[in-house]
Amino acid sequence: ALLEARYANGPNDFIEVAGLRMHVRDSGPRDAPLVILLHGFGASLHTWEPWAQLLASDRRVIRFDMPGAGLTGADPTGDYTDTRGVQVLIALMDKLGVQRASIVGHSMGGRLAWRFAAEQPARVDKLVLIAPDGFASPGFEYGKKPDVSATLKLMKFVLPKAILRMSLAPAYANPLAMTDAMVERYHDLMLAPNVRASMIAKMEQSVLQDPVPVLKRITAPTLLLWGDKDAMIPVGNSADYLRALPNATLVTLPEAGHLLHEEAPSALQTVKTFLDEKN
């Protein structure tokens, strides 16, 4: 209740979807082109608020706390796979009467975005992938359950803010972009009931499969957006996406890190320009 008082705009922020009480914000003109924003691991809809406020001048903008995150909290099914993520997104769009939208996804949210675009092409106008997850990397092999360390699992019981700050720091190229208020928000929302256990479950269930066959099915025009100082998912991974995606363009932002939407103001103009382009 304390977290909802601080981080929700009121009871209208919550709707029942797919067995979840989801924290959702829906702003902008109802008859305008629509964009849905999908946050990454450990984040919440708040990561998008500066973008949402500007996009909502001429677009309808939907963002939400994903199952297992923020004020949506734990999924009663215990299922945090991408299959469940796609089901929840379909259910949310149906609940809100949305047939079609452009999808913007960051990191793990980017992986869900491209999976959704491949499986539901009729419901996607354009696709924006910001440093998306999905290809194998050291410690993340195809078809293998990730090894979540015992030390990391301890966060279910204790999560010092100083440790979280150290964990977040590599996501920013500019240390000054990681403000005390941001660290406090991330920390507070990770303390929401069962969120830390859900984060661990999500990591354990993130069994990667070769994404190339899925990516090749995507028909939506796609913008790949990457910070050239991304220390979490390096910009070199973009070459894999460009080879697999049939209709993709890469824009690299100088001196930007993994959370470029929080630290690189020019990123939003790049996205707006792409969304405004005629197919």
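Residues numbered from 1 in each chain as written. Predicted model: local features only at pLDDT ≥ 70, side-chain atom pairs only at ≥ 80, totals over all residues. Heavy atoms only, no water.

Participant: Got a minute to help me understand the layout of surface pockets in this structure?
Facilitator: One water molecule sets the probe size; rolling that probe over the atoms shows where empty space is left. Here the largest pocket is characterised by a volume of approximately 1300 Å³. In terms of lining, the largest pocket is formed by 44 residues, of which the most central are F41, F140, L152, M203 and M232. When contributions to the lining of the largest pocket are tallied by element, the ones reaching two or more residues are α4 (108-119), α5 (150-153), α6 (161-168), α7 (180-190) and α8 (195-204). Element by element, the count of residues in the lining of the largest pocket is highest for α6, at 4 residues. Residue composition of the lining of the largest pocket, by class: 29 nonpolar, 12 polar and 3 charged. Approximately 260 Å³ is the volume attributed to the second largest pocket. Residue lining of the second largest pocket: 16 residues in total, with D82, R115, V207, L208 and Q209 positioned closest to the centre. Sorting the residues of the lining of the second largest pocket by element identifies α3 (82-95) and α4 as the ones contributing at least two each. (1 Å grid on protein atoms, 1.4 Å probe; cavity = no way out; pocket = protein on both sides within 12 Å on 5 of 7 lines; lining within 4 Å. Points joined across faces, edges and corners; volume = space filled by probe spheres on them. Helix = DSSP H or I, 4+ residues; strand = E, 2+ residues; numbered from the N terminus. Nonpolar A, V, L, I, M, F, W, Y, C, P; charged D, E, K, R; others polar.)

Participant: How should I be thinking about the pattern of salt bridges in this particular structure?
Facilitator: Should their charged atoms come close, side chains of opposite charge can pair. Under the counting rule described, the total for this entry stands at 23 salt bridges. We note a salt bridge from R6 to D188, for which the minimum N-O separation is 3.0 Å. With R6 in helix α1 (residues 2-7) and D188 in helix α7, this pair connects stretches of sequence that are 182 residues apart. Given a relative accessible area of 48%, R6 falls into the partly exposed group. Exposure remark for D188: the relative accessible area of 13% places this residue in the buried category. Across the pair D75 and R84 runs a salt bridge whose closest N-O atoms are separated by 2.7 Å. (Salt bridge = Lys/Arg side-chain N within 4 Å of Asp/Glu carboxyl O. Buried < 20%, exposed > 50% of the residue type's maximum accessible area, 1.4 Å probe, protein only.)

Participant: When you look at the sheet that holds strand β8 (residues 248-253) in this model, what are you seeing that I'm missing?
Facilitator: In sheet architecture, strand pairing relies on hydrogen bonds along the backbone and comes in two forms, parallel and antiparallel. Strand order in this open sheet of 8 strands is β1-β2-β4-β3-β5-β6-β7-β8, and the pairing throughout is mixed. With partners counted over all chains shown, the strands left at the sheet margins are β1 (14-17) and β8, one partner each. Each strand of the sheet is rotated relative to its neighbour by a mean of 25°, with strand direction disregarded. Here strand β3 (residues 34-38) runs beside strand β4 (residues 60-64); their pairing, made up of 4 bridges, is parallel. Across the sheet, residue I36 finds its bridge partner in β4, namely I62. (Pairing = 2+ DSSP bridges. Axes fitted to C-alpha atoms, helices over the stretch in contact; angles between N-to-C directions.)

Participant: Help me out: how do you make sense of empty space enclosed by the protein in this one?
Facilitator: If you walk through the whole model with that rule in mind, you get 2 cavities of 30 Å³ or more. Its boundaries defined by the atoms lining it, the largest cavity holds a volume of some 240 Å³. Taken together, 22 residues line the largest cavity, and the ones lying closest to its centre are M66, P67, Y80, L112 and K202. Counting residues per element, the lining of the largest cavity draws most heavily on α3, which supplies 5 residues. Of the residues belonging to the lining of the largest cavity, the class tally is 10 nonpolar, 7 polar and 5 charged. Empty space within the second largest cavity amounts to approximately 30 Å³.

Participant: Can you walk me through the nonpolar core in this structure?
Facilitator: In this structure, I36, L38, F64, I103, L127 and I218 are the most contacted members of the largest nonpolar core, which totals 39 residues. The element contributing the most residues to this core is α4, with 6 residues. Residues in contact with F64, not counting those within four places in the same chain, are M22, H23, V24, I36, L37, L38, H39, L45, L89 and L92. By size, the runner-up hydrophobic cluster in this structure holds 26 residues, among which are A8, M178, M190 and L259. (Core = buried A, V, L, I, M, F, W, Y, C linked by side-chain atoms within 4.5 Å. Contact = heavy atoms within 4.5 Å.)

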